[in-house]
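# A structural walkthrough
Next come the chains, spelled out residue by residue.
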Amino acid sequence: DAKTTQPPSMDCAEGRAANLPCNHSTISGNEYVYWYRQIHSQGPQYIIHGLKNNETNEMASLIITEDRKSSTLILPHATLRDTAVYYCIVIETSGSRLTFGEGTQLTVNP
Amino acid sequence: SAVISQKPSRDICQRGTSLTIQCQVDSQVTMMFWYRQQPGQSLTLIATANQGSEATYESGFVIDKFPISRPNLTFSTLTVSNLSPEDSSIYLCSVEGGGGDTQYFGPGTRLTVL
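Overview of the structure. It should be emphasised that the depicted structure is a prediction, and the values quoted were computed from it without experimental measurement. (Residues numbered from 1 in each chain as written. Chains lettered and ligands numbered in written order. Predicted model: local features only at pLDDT ≥ 70, side-chain atom pairs only at ≥ 80, totals over all residues. Heavy atoms only, no water.)

What follows covers the overall build of chain B. The number of helices and strands found in chain B is zero helices and eleven strands. In sequence order, chain B lays out its α and β elements as β-β-β-β-β-β-β-β-β-β-β. Computed over the C-alpha atoms, the radius of gyration of chain B is 13 Å, within 12% of the 13 Å expected from 2.2 N^0.38 for a compact globule of 114 residues. Dimensions along the principal axes, computed over C-alpha positions, put chain B at roughly 40 × 25 × 20 Å. Here chain B, with 114 residues, has 53% of them falling under the buried criterion. A separation of at least 24 residues holds for 52% of the contacts in chain B among residues at least 6 apart in sequence. Surface exposure of chain B reaches about 5300 Å², of which carbon and sulfur atoms provide 47%. Averaging the coordinates of the 7 positive side-chain charges in chain B and doing the same for the 9 negative ones gives two points 10 Å apart. (Helix = DSSP H or I, 4+ residues; strand = E, 2+ residues; numbered from the N terminus. Rg over C-alpha atoms; globule rule 2.2 N^0.38 Å. Buried < 20%, exposed > 50% of the residue type's maximum accessible area, 1.4 Å probe, protein only. Contact = heavy atoms within 4.5 Å. Areas by Shrake-Rupley, 256 points an atom, 1.4 Å probe, with all protein chains shown as cover. Lys, Arg positive; Asp, Glu negative; His and termini not counted. Charge placed at Lys NZ, Arg CZ, Asp CG, Glu CD.)

Set out below in structure tokens:
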């Protein structure tokens, strides 16, 4: 599975959009980009995933560049409860192990 | 998405003993996974457990230390044997569910070894 690179930490003001970047320059054509988050000491929570096209759900939007070498997770209106570690993971197929990097610690400030 | 519960939620154990962690899912799933999260670190996969076959362990994890059972499609256990303080971690199970390839995680079991 391709390796991902994320900034170790980011800050965001409450009510503003949080844009979390992820680089995955070695991604192959059949690998998906997944985003999870982990609020302190809880189990990771699935957020969103995509292959080529941009995706949106009730939690977030995922923007994948045309060359697929990077992506951005967007939380449109961040709240204090969005403070968490966000993990960007690239995996190929069903049953693949999730390889967690260090993620990005997002802190939403009042 | 699948709803996953784990028991116990936390425990404090003495060195040399064992702890068995249960993972229960509200629907039948083929693949279940066990992860460890050491203090201040990210998650590491211990093993993959499929019903009807032996668990597949990742490098650095062995069956004698982390025996796994998978008796049916909704349940699995992970035992952490011969505990040492280095085993103090959060242990999490996950499943592929919801009709797709996405993995969903349980709330975790926080183990402290004295």
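Next comes the rest of the account.
Every contact between the two is made by 19 residues of chain B and, on the other side, 18 residues of chain A. Summed over both sides, the interface between chain B and chain A buries roughly 1500 Å², with carbon and sulfur atoms accounting for 49% of that surface. Seen at the junction of chain B and chain A, the total is five residue pairs in polar contact (both at pLDDT 80 or more). Elements that contribute at least two residues to the side of chain B that touches chain A include exactly strand 4 (31-37), strand 5 (43-50), strand 9 (89-96) and strand 10 (103-105) of chain B. Take the side of chain B that touches chain A: its biggest share by element is four residues, from strand 4 of chain B. The residue makeup of the side of chain B that touches chain A, split by class, is ten nonpolar, five polar and four charged. (Buried area = accessible area lost by both parts, 1.4 Å probe. Polar contact = N/O pair within 3.5 Å; in protein donor to acceptor, adjacent residues only side chain to side chain. Nonpolar A, V, L, I, M, F, W, Y, C, P; charged D, E, K, R; others polar.)

On to the pattern of salt bridges, then. The tally for this structure, following the rule as stated, stands at two salt bridges over all chains. Between Asp-82 of chain A and Arg-37 of chain A there is a salt bridge; the shortest N-O distance is 2.8 Å. With a gap of 45 residues between them, Asp-82 of chain A in the loop between strand 7 (70-75) and strand 8 (84-91) and Arg-37 of chain A in strand 3 (residues 32-38) connect regions that are remote in the sequence. Look at Asp-82 of chain A and you get buried, because its relative accessible area is 12%. Accessibility expressed as a relative area gives 10% for Arg-37 of chain A, which makes it buried. Where Lys-65 of chain B meets Asp-87 of chain B, a salt bridge forms, and the shortest distance between an N and an O atom there is 2.7 Å. Here Lys-65 of chain B is found in the loop between strand 6 (56-57) and strand 7 (68-72), whereas its partner Asp-87 of chain B is found in the loop between strand 8 (75-80) and strand 9, with 22 residues between them in sequence. According to the relative accessible area criterion, Asp-87 of chain B is buried, its value standing at 5%. (Salt bridge = Lys/Arg side-chain N within 4 Å of Asp/Glu carboxyl O.)

Let us now look at the packing of aromatic side chains. The tally for this structure, following the rule as stated, stands at eleven aromatic pairs over all chains. Consider the rings of Phe-100 of chain A and Tyr-35 of chain B, whose centres lie 5.9 Å apart with planes at 90 degrees: the pair is edge-to-face. Within this pair, whereas Phe-100 of chain A is found in the loop between strand 8 and strand 9 (104-109), its partner Tyr-35 of chain B is found in strand 4, the two belonging to separate chains. For the pair Phe-100 of chain A and Tyr-35 of chain B, a shared accessibility class is recorded, and that class is buried. One aromatic cluster is present, formed by Tyr-34, Tyr-36, Tyr-46, Tyr-87 and Phe-100 of chain A together with Tyr-35, Tyr-104 and Phe-105 of chain B through successive ring pairs. (Phe/Tyr/Trp six-rings, centres within 6.5 Å; stacked < 30°, edge-to-face > 60°.)

The subject of this paragraph is the state of the cysteines. Scanning the model with the defined rule gives two disulfides over all chains in all. Here Cys-22 of chain A is linked by a disulfide to Cys-88 of chain A, with a sulfur-sulfur distance of 2.1 Å. With the S-S dihedral at roughly -80 degrees, the linkage between Cys-22 of chain A and Cys-88 of chain A falls on the left-handed side. Remark: Cys-88 of chain A occurs in strand 8 and Cys-22 of chain A occurs in strand 2 (residues 18-23); sequence separation between them is 66 residues. Both residues of the pair, Cys-22 of chain A and Cys-88 of chain A, count as buried. Here Cys-12 of chain A stays unpaired: no disulfide links it, and the sulfur of Cys-22 of chain A, its closest cysteine neighbor, is 18 Å away. The exposure class of Cys-12 of chain A is buried, given its relative accessible area of 8%. Not engaged in a disulfide, the cysteine Cys-13 of chain B finds its nearest cysteine sulfur in Cys-93 of chain B; these two sulfurs lie 17 Å apart. Overall, Cys-13 of chain B belongs to the buried group, its relative accessible area being 8%. (Disulfide = S-S within 2.5 Å.)

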